[in-house]
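# Residue-level structure breakdown
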Amino acid sequence: MAVVAVTGTGIGIYALISNRVPGRRLGKTVRNPRLWGTGVLFMVCGLAFVSWSPVIIGLGITVVGHAVKPTG
């Protein structure tokens, strides 16, 4: 469980800071990497504290990160 938490946190922070996602497959499907990274961090926090609310919210944010292009 600790390995999943550290990996998820690293991937989420990387996407949030660099505005890119790791891997070619994710790079092609994720339209908004910062939003996607925020969702991953929410899910990791929910799993760490064994609470389903942040996991569901994080899942929703991650799906929106796949679908919505950033504006600006």
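Above this text sits the structure in question.
To start, this report covers the structure provided alongside it. Source: prediction; values computed, not measured. (Residues numbered from 1 in each chain as written. Predicted model: local features only at pLDDT ≥ 70, side-chain atom pairs only at ≥ 80, totals over all residues. Heavy atoms only, no water.)

### A closer look at unusual backbone geometry
- Positive phi outside glycine occurs at Asn19, with the angle close to 60°.
- Along the chain, Asn19 falls in the loop between helix H1 (2-18) and helix H2 (24-29). (Helix = DSSP H or I, 4+ residues; strand = E, 2+ residues; numbered from the N terminus.)

### Structural notes on the nonpolar core
- Core analysis: the biggest nonpolar cluster contains six residues, these being Ala15, Val21, Val30, Trp36, Val40 and Val44.
- Looking at this core, the element that brings in the most residues is helix H3 (residues 33-48), giving three residues.
- Excluding anything up to four places from it in sequence, Val21 contacts Tyr14, Ala15, Leu26, Gly27, Val30, Pro33 and Trp36. (Core = buried A, V, L, I, M, F, W, Y, C linked by side-chain atoms within 4.5 Å. Buried < 20%, exposed > 50% of the residue type's maximum accessible area, 1.4 Å probe, protein only. Contact = heavy atoms within 4.5 Å.)

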